[in-house]
Amino acid sequence: MLKINSISGGLLLCFLTLVIPTSNAVFKPGKVHDVENVRQNYKDKLNSQVIQQIHSFSKSVLFYKAYASYFDRSDVDLPGFKKYFLSLFEERSETAHNLTTIVNERGGFVFFQNVKLRQLCMALSRKLGRFPHVCFFVLNQSTNQKKAAVPKRHKRKPLKFSNSYKKTMTGKSEKPTTHTMPSALSALEDSLALERSTNSDLKSLMITAGQLNDPAMRVKLDEFLERQVDIILNLSNLVTRLNFYKDTENYALGEYILDSEVTY
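Everything quoted here is computed from the prediction, not taken from an experiment. (Residues numbered from 1 in each chain as written. Predicted model: local features only at pLDDT ≥ 70, side-chain atom pairs only at ≥ 80, totals over all residues. Heavy atoms only, no water.)

Undergrad: Can you help me understand the overall build of the protein chain in this one?
TA: Across its full length, the protein chain holds seven helices and three strands. The order of α-helices and β-strands along the protein chain, N terminus first, is β-β-α-α-β-α-α-α-α-α. Out of the 264 residues belonging to the protein chain, those deemed buried represent 45%. The long-range share in the protein chain, meaning contacts at least 24 apart out of those at least 6 apart in sequence, stands at 77%. (Helix = DSSP H or I, 4+ residues; strand = E, 2+ residues; numbered from the N terminus. Buried < 20%, exposed > 50% of the residue type's maximum accessible area, 1.4 Å probe, protein only. Contact = heavy atoms within 4.5 Å.)

Rendered as structure tokens:
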């Protein structure tokens with residue numbers, strides 16, 4: 001089941017708990033449980049890589065849901081960007097479902113992980129090459145909420161981020177604060193970096209399918225890659241438009257104008 005708990009100000013603190021039906025069997029990553037009547041020319045190596053891609057899409061789902069919730073806050077109020085990130089949320093959710101369906105059609109096996117916010121942010125930081133802007137904000141808000149709600153004797157140590165997760169693409173350190181507020185530009189830049197990483201992962205999966213002589217999987221992956229081109233182009237165009245206002249006193253105006261025009 002999917003559990004999404006809201007935190008102060010309306011920003012969602014997202015947790016993903018995907019539960020496998022109760023069974024005494026122990027399933028291990030990379031281990032394929034055959035559906036003999038269906039499975040043909042579908043290798044364990046490819047199945048394992050497809051599972052990892054499904055997990056990656058599931059993490060993207062929470063990432064986009066967090067941003068959609070953020071832009072819906074009363075002190076942010078950018079409804080255009082809220083709808084935009086909800087559309088990305090829905091697209092990634094559908095893609096994960098479609099890829100799961102493909103595995104089932106090929107006689108493979110899919111297992112699901114428990115993904116919490118902290119693990120999600122750390123995993124995304126490895127894909128982006130830096131810590132996602134929204135994670136600084138959400139995790140700090142979560143920490144502040146826990147401080148107010150938990151008796152002093154039960155309080156935990158504040159969240160600490162290692163330097164490896166604070167470095168941007170240029171190698172500079174980011175110093176998160178409790179009032180760090182992501183902008184529409186930072187959200188779009190995070191999303192563009194994530195989708196470019198996803199595109200590379202899909203191409204790697206396509207190469208594996210070719211090496212294992214699996215034309216059926218290559219046809220399916222080609223459809224996903226075509227869609228990636230459109231998503232990356234759209235995000236890149238939005239980043240370019242907002243960059244015109246970056247570091248100027250008119251940035252807020254540019255963000256407002258683009259919010260009224262943004263479409264997915």
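Read on, since the account is not over.
Undergrad: Teacher, can you tell me more about the packing of helix α1 (residues 44-71) against helix α5 (residues 184-211) here?
TA: The geometry of a pair of packed helices is captured by two quantities: the angle between their axes and the separation between those axes. Relative orientation of the contacting elements α1 and α5 amounts to 170°, with a least axis distance of 11 Å. By the angle class used here, α1 and α5 are roughly antiparallel. Taken together, the residues of the contact of α1 with α5 break down into 13 nonpolar, 10 polar and four charged. (Axes fitted to C-alpha atoms, helices over the stretch in contact; angles between N-to-C directions. Parallel < 35°, antiparallel > 145°, perpendicular 65-115°, else oblique. Nonpolar A, V, L, I, M, F, W, Y, C, P; charged D, E, K, R; others polar.)

Undergrad: What is the right way to look at the pattern of salt bridges in this model?
TA: Two side chains carrying opposite charge are able to pair once their charged atoms lie near each other. Summed over the entire model, instances satisfying the criterion amount to eight salt bridges. Here R92 and E195 are joined by a salt bridge, their closest N and O atoms 2.7 Å apart. On the criterion of sequence distance, the pair formed by R92 in helix α2 (residues 79-105) and E195 in helix α5 is long-range, its members being 103 residues apart. Neither R92 nor E195 differs from the other in exposure class; each is buried. When the shortest N-O distance is used, the salt bridge between R241 and E261 registers 2.5 Å. Remark: E261 occurs in helix α7 (residues 251-261) and R241 occurs in helix α6 (residues 215-243); sequence separation between them is 20 residues. E261 sits in the partly exposed class, given a relative accessible area of 42%. Each of the salt bridges in this network shares a partner with another, and the network as a whole consists of E91, R227 and D230. (Salt bridge = Lys/Arg side-chain N within 4 Å of Asp/Glu carboxyl O.)

Undergrad: Would you explain the environment of L124 in this entry?
TA: Relative to the helices and strands, L124 is located in helix α3 (residues 117-128). A relative accessible area of 2% places L124 in the buried class. Along the sequence, L124 and S197 sit 73 residues apart, while their C-alpha atoms lie 10.0 Å from each other. Beyond its immediate stretch of four places on either side in the chain, L124 contacts F63, R130, P132 and L194.

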